[in-house]
Amino acid sequence: MIRDAITIVSKDLRIEWRTKESLASFVVLGVLLVVVFTVALDPPPDAAPMLAPSVVWATFVFTGLLGVQRGFVLERENDCLAAVLASPIDPAALYVGKLVANVVLLAVMQALVVPLVAVFLHVDVARALPGLAVVLLLGNVGFAALATLFAAIAVRARAREVMLPVLLLPLLVPVLIGGVKATQAVLHGGLGAAQDALSVLCAFDVVFVVAGVLLFEHVVRD
Amino acid sequence: MLGPPIRAEGLRRDYAGTPVLAGVDLLVEAGELVVLLGSNGAGKTTLLRVLATLLRPSGGVLSLFGGDARAARRRIGYVGHESGCYADLTGAENLEFHAALHGVPSSRVSELLEWTGLSSAARRPLRTYSRGMSQRLALARALLHRPDLLLLDEPYSGLDPGAAARLDALLVSLRAAGHTILLTTHDLARVVPLSTRVAILHRGRIAWTQAGAVDPVVVASAYDAVVVA
């Protein structure tokens, strides 16, 4: 299973490296959202850092939706998913491979968005970087776990661009709240101050990674 | 696992309550080349996808090599309407990816690229391939793990006469090598002479079948009687 998952990850990342379709949309939409949030809210310099967590997570979710969807659209082109499922691969390995590829791409996006937010909203992220990295990774895994599962459902629908946010956003509320709270706590008091929010993120990650592994076969096979 | 490559009894598959396969009875023995004919919407693609374990049957009995679907998957090669290969990967990368999923050594990739005449195009992205080249790559993909059963869904669709003649030769060589082949087509004049058995699928059921040296004229009359009438 691990070998198959690695095969899926390396294939997805190779295609992304070659086409840069998800990365391009991450950069354009990420920069745009950070600029729009900053200009629209127009916070005074001393209040600006308070907005940083919500801007980071809102940008992350909206930008991430695009990239995760792309990962399954390429499986539908040329009926590639059927060819993969006709092989003896365990669908759980396909899920884990897609999940890891999404986590890597979303981490690249976070690495672009966080410095932008730091500049626009005057946040000293360097000081809190290790704790912030933990929070972002946990939120990333939770988002990707759920989004990978739902992207596989939505890609079969005609209105898939609408379907994914409609299905996904309500279920992402715990990640969003946990992510914003944990980021706020880490920026102002360190990792120790974010225990409760981190517990929410950890629980969400475990529940939806396990759910994805168990349910994926029923989602991708009719 | 013992048993014929395909044994289907009363196989059914519904889509949103509408029966597409309405009780297919089909037995395919090892080494056969079975041609499945039928009009558009007869259920040929659905039947092949069920046999390839991509769709679950809604009812009936399906036995592949006498065992369950997951175990049988290692012995089945499937080529659908599309290539099943990634447009942004090269021909060789596509085959290496599927070789890894099947646990097949990468030496098999170059062997199949040569066999399908794609060695010179192996380092080009799939999106630059013609329809005939994509079809040959799909066939190479399906053959990577030396499957005992090959399921081909309209493999002649979109091929020019040269590519179709090349596919004829590939099918003959595959059968000679002991593969069991089930293919769907509308081009009965081309494929029937290569077959060991012809079956006509109509309204989700096998409405006519004949084994042995099948005369294309007999098949055409049967097709007219079953489908056109």
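Further up the page is the structure itself.
Here's a quick rundown of the structure.

### Examining the overall build of chain B
Stage number 1. Helix and strand counts for chain B stand at eight helices and nine strands.
Stage number 2. Expected size for 229 residues packed as a compact globule is a radius of gyration near 17 Å; at 17 Å, chain B falls within 12% of this value.
Stage number 3. Dimensions of chain B, computed from the C-alpha atoms along their principal axes, are close to 50 × 35 × 35 Å.
Stage number 4. Here chain B holds 229 residues, and the buried ones make up 47% of them.

### Things to note about the overall build of chain A
Stage number 1. Within chain A one finds nine helices and zero strands.
Stage number 2. Each helix and strand of chain A, placed in order from N terminus to C terminus, yields the pattern α-α-α-α-α-α-α-α-α.
Stage number 3. On C-alpha atoms alone, chain A measures out to a radius of gyration of 18 Å, which is about the 17 Å that the 2.2 N^0.38 rule sets for 222 residues.
Stage number 4. Summarising its shape, the C-alpha atoms of chain A cover approximately 60 × 30 × 30 Å along the three principal directions.
Stage number 5. The buried share of chain A, reckoned over its 222 residues, is 49%.
Stage number 6. Residue pairs in contact within chain A that sit at least 24 positions apart in sequence constitute 84% of those at least 6 positions apart.

### Structural notes on unusual backbone geometry
Negative phi is the rule for most residues except glycine; trans is the rule for most peptide bonds.
Residue and element names in this part refer to chain B.
Stage number 1. For T53, which is not a glycine, the phi torsion comes out positive at approximately 70°.
Stage number 2. One can find T53 in the loop between α1 (44-51) and β4 (59-63).
Stage number 3. With phi around 50°, R203 is a residue other than glycine that occupies positive phi space.
Stage number 4. Mapping R203 onto the fold places it in the loop between β8 (197-202) and β9 (205-211).
Stage number 5. What makes R203 partly exposed here is the crowd of 16 C-beta atoms within 10 Å.

### Some thoughts on the interface of chain B and chain A
Stage number 1. At the junction of the two partners, chain B supplies 24 residues and chain A supplies 21 residues.
Stage number 2. By residue number, the principal contributor to the side of chain B that touches chain A is helix α3 (residues 91-102) of chain B, which donates five residues.
Stage number 3. The class makeup of the residues in the side of chain B that touches chain A is 12 nonpolar, six polar and six charged.

### Here we look at the packing of helix α5 (residues 91-120) of chain A against helix α6 (residues 129-154) of chain A
All names here are of chain A.
Stage number 1. Running from amino to carboxyl end, α5 crosses α6 at an angle of 135°, the nearest separation of the two axes being 9 Å. In terms of axis orientation, α5 runs oblique to α6. Crossing geometry of α5 relative to α6 is assigned as right-handed. Along the contact surface, α5 presents Y95, K98, L99, N102, V103, L106, A107 and Q110, while α6 presents L136, N140, V141, F143, A144, A145, A147 and T148.
Stage number 2. Here the contact of α5 with α6 is composed, by residue class, of 11 nonpolar, four polar and one charged.

### Here's the deal with the nonpolar core
Stage number 1. Counting residues in hydrophobic clusters, the biggest one holds 144 residues, and the most contacted among them are V117, L146 and A151 of chain A together with L151 of chain B.
Stage number 2. In terms of residue count, the dominant contributor to this core is α6 of chain A (15 residues).
Stage number 3. Apart from residues lying up to four places away in sequence, L151 of chain B is in contact with L48, L51, A52, I76, Y78 and L182 of chain B.

### Quick word on the sheet that holds strand β2 (residues 18-28) of chain B
Residues and elements named next belong to chain B.
Stage number 1. Ordered by their spatial adjacency, three strands build an open sheet running β2-β1-β4, and the pairing between neighbours is antiparallel. Of all the strands in the sheet, just β2 and β4 have a single pairing partner and so form its edges. The mean inter-strand angle of the sheet, taken between neighbouring strand axes irrespective of direction, is 25°.
Stage number 2. Relative to β4, strand β1 (residues 6-15) is paired through four bridges, and the arrangement is antiparallel. Note that in β4 the partner of A8 across the bridge is L62.
Stage number 3. Contacts from α1 reach β1, β2 and β4 within the one sheet, and its direction differs from that of β2 by about 60°.

### Describing the sheet that holds strand β5 (residues 76-79) of chain B
All names here are of chain B.
Stage number 1. Pairing is mixed across the open sheet formed by six strands, whose spatial order is β5-β6-β7-β3-β8-β9. Edge positions in the sheet fall to β5 and β9, since each of these pairs with one other strand and no more. The sheet shows a mean angle of 15° between the axes of neighbouring strands, direction not considered.
Stage number 2. Where strand β3 (residues 33-37) meets strand β7 (residues 180-184), four bridges bridge the pair, whose relative direction is parallel. Bridge assignment links V35 to a residue of β7, and that residue is L183.

### Re the pairing of strand β6 (residues 149-153) of chain B
Residues and elements named next belong to chain B.
Stage number 1. Most of β6 is tucked away, with five of its five residues classed as buried.
Stage number 2. Of the two faces of β6, both are covered, the one formed by L149, L151 and D153 as well as the one formed by L150 and L152.
Stage number 3. Alignment of β5 against β6, held across four bridges, turns out to be parallel. Within β6, the position partnered with Y78 by the bridge is L151.
Stage number 4. Two strands pair when backbone bridges link them, and β6 and β7 are joined in this way by five bridges, in the parallel orientation. If you follow L151 over to β7, its bridge partner there is L182.
Stage number 5. Between β6 and its parallel partner β7, the chain crosses via helix α6 (residues 161-176), and the hand of that crossover is right-handed.

Criteria and thresholds
Residues numbered from 1 in each chain as written. Chains lettered and ligands numbered in written order. Predicted model: local features only at pLDDT ≥ 70, side-chain atom pairs only at ≥ 80, totals over all residues. Helix = DSSP H or I, 4+ residues; strand = E, 2+ residues; numbered from the N terminus. Rg over C-alpha atoms; globule rule 2.2 N^0.38 Å. Buried ≥ 20, exposed ≤ 12 C-beta atoms within 10 Å, placed from the backbone. Contact = placed C-beta atoms within 7 Å. Nonpolar A, V, L, I, M, F, W, Y, C, P; charged D, E, K, R; others polar. Axes fitted to C-alpha atoms, helices over the stretch in contact; angles between N-to-C directions. Parallel < 35°, antiparallel > 145°, perpendicular 65-115°, else oblique. Left-handed = near helix turned anticlockwise from the far one by under 90°. Core = buried A, V, L, I, M, F, W, Y, C linked by C-beta atoms within 7 Å. Pairing = 2+ DSSP bridges. Right-handed = clockwise from strand over helix to strand, strands pointing away.

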